[in-house]
Amino acid sequence: MRPRQSRYARKQLYETRPKPKSVRRLVKFGLLIFMALLLTKLSLMHSTGHADAAIKALPLQSVCLDPGHGGNDPGAQNGNLTEASVNLAVAKKVSSALLAKGYGVYTTRTTDKTLDNANRVNFCNAKRTTILVSIHQNSYTDSGPDYSTALQYKPEDEELANTLANAAGAELALPITPPMQFEDGMLMRAKMPSIIIESLFISNDAEANAGDRVSQQAQGIVNGISTYLQAHKPAQPVKSSKS
Ligand SMILES: [Zn+2]
């Protein structure tokens, strides 16, 4: 028969062994913290990997194309030919060529609709594109003049204006007139290098009746945009040493 004393003593002994239990708890807790940290680290690495993939999948450079006029504003006209329709036809060709080259492309209008300057520039600014290229045809009161030029407003537009005017003139075999500064509501509010390209004079009768000037004009603009974007390629993102 066990004396009461010893039972008490055993209980005492048991109850006075809190150390191993707290140590076990501490180890368990430590293990949990370690696992949590490990999981966090793993998930961070995982999400970084996804972010990298997303950056690589997206086009690094993009263009906002703006076919001038449209809807109730036909722009310049020569007979049945309206500037609005030529601008749209050129923009469509430029868009598919740039997409094929891997650039991102956004277009302010893809149909014959009315847009004001604010609609156009707000759209492009919201898309945060690398550049903005507004496509127009030049015109004059008589059929005489015909040359390629561009319009720009900000100092940072200058290179884009020169590059595109030169490229359009080369493709269309037209003289090139140096780009001029133009206080245009869209150019003034654009947050990226932006220009108006005037590849040729729609008012020139020979021009209006020339063969496929739309394709040549589009090719010139594509050449100019490609040259400019190649020269302004962003540095490849540096791989983080953590991942
Ligand atoms: Zn115009």
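Residues numbered from 1 in each chain as written. Predicted model: local features only at pLDDT ≥ 70, side-chain atom pairs only at ≥ 80, totals over all residues.

Let's talk about the environment of A235
Next, step 1: With respect to the helices and strands, A235 occurs in the segment after α8 (213-231).
Next, step 2: Spatially, the C-alpha atom of A235 lies 9.9 Å from that of L60, the residues being 175 residues apart in sequence. (Helix = DSSP H or I, 4+ residues; strand = E, 2+ residues; numbered from the N terminus.)

Section: the sheet that holds strand β7 (residues 180-181)
Next, step 1: Here 6 strands make up an open sheet; going across it, the order is β4-β1-β5-β8-β6-β7 and the pairing mixed. Each edge of the sheet is formed by a strand with only one pairing partner; in this case those strands are β4 (104-107) and β7.
Next, step 2: With 5 bridges connecting them, strand β1 (residues 62-67) and strand β5 (residues 131-138) associate as parallel partners. Opposite P67, over in β5, you have I135 as the bridge partner.
Next, step 3: Its contacts with the sheet place helix α3 (residues 83-100) against β1, β4 and β5, and it is angled at close to 145 degrees to β5.
Next, step 4: Where helix α4 (residues 117-127) meets the sheet, its contacts fall on β1, β4 and β5, and the angle it forms with β1 comes to roughly 170 degrees. (Pairing = 2+ DSSP bridges. Contact = placed C-beta atoms within 7 Å. Axes fitted to C-alpha atoms, helices over the stretch in contact; angles between N-to-C directions.)

Some remarks on helix α5 (residues 158-172)
Next, step 1: Helix length check: α5, at 15 residues, gives a terminal C-alpha distance of 21 Å against a target of 21 Å (1.5 Å per residue), a fit within 8%.
Next, step 2: Three or more residues of α5 are buried, namely L160, A161, T163, L164, A165, A167, A168, G169, E171 and L172.
Next, step 3: Those residues of α5 hidden inside the fold are in contact with β5, β6 (149-152), β8 (194-201) and α8.
Next, step 4: Note on α5: the residue one or two positions beyond its end, A173, has a positive phi of about 55 degrees. (Expected span 1.5 Å × (residues − 1). Buried ≥ 20, exposed ≤ 12 C-beta atoms within 10 Å, placed from the backbone.)

Digging into the pairing of β1
Next, step 1: Of all the 6 residues making up β1, 5 are buried; the element is thus mostly covered by neighbouring parts of the structure.
Next, step 2: When β1 meets β4, the two strands line up parallel, connected through 4 bridges. For V63, the partnering residue across the bridge sits in β4 and is V105.

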